[in-house]
Amino acid sequence: MKKANKLYWFYQKYLANKYVLAFFIFLIWILFLDTNNLIQRFRTISHIHKLEEQKAYYKERIEKDRAKLIELRSNEEQLEKFAREEYLMKKENEDVFVILVDEEE
């Protein structure tokens, strides 16, 4: 009996008020039903954080590559070393042997 009285009192005090009822409907709409609901907003925020981390990584990578490019353009020996290591280039009277190491052992 007391529970019924408490529920009736809660209904009379809060739910019968049209402004409170409109607020609850609006709150449910914003939290769950809208296309830009709260759940979607949290997903978007986490995606933005991941993209910012990637942006920082790529900025750092660009700076390293830019420094390497400046070094290669300014020093012929470094350019030749880079070409030999990365692209397996050789001089006419040389032979290049590529040794592959099995990483499983």
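(A) Fine view of the overall build of the protein. Helix and strand content of the protein: four helices and zero strands. Each helix (α) and strand (β) of the protein, taken in turn from the N terminus, gives the series α-α-α-α. Against the 2.2 N^0.38 benchmark of 13 Å for 105 residues, the protein shows a C-alpha radius of gyration of 33 Å, more extended than a compact globule. The dimensions of the protein, computed from C-alpha atoms along their principal axes, are 100 × 40 × 20 Å.

(B) Main features of the side chain of Asn37. Assignment of secondary structure puts Asn37 in the loop between α2 (18-33) and α3 (38-74). A polar atom in the side chain of Asn37 sits 3.1 Å from the backbone oxygen of Phe32. Apart from the residues lying within four places of it in its own chain, the contact partners of Asn37 are Ile30, Leu31 and Phe32.

What counts, and where the lines are drawn
- Residues numbered from 1 in each chain as written.
- Predicted model: local features only at pLDDT ≥ 70, side-chain atom pairs only at ≥ 80, totals over all residues.
- Heavy atoms only, no water.
- Helix = DSSP H or I, 4+ residues; strand = E, 2+ residues; numbered from the N terminus.
- Rg over C-alpha atoms; globule rule 2.2 N^0.38 Å.
- Polar contact = N/O pair within 3.5 Å; in protein donor to acceptor, adjacent residues only side chain to side chain.
- Contact = heavy atoms within 4.5 Å.

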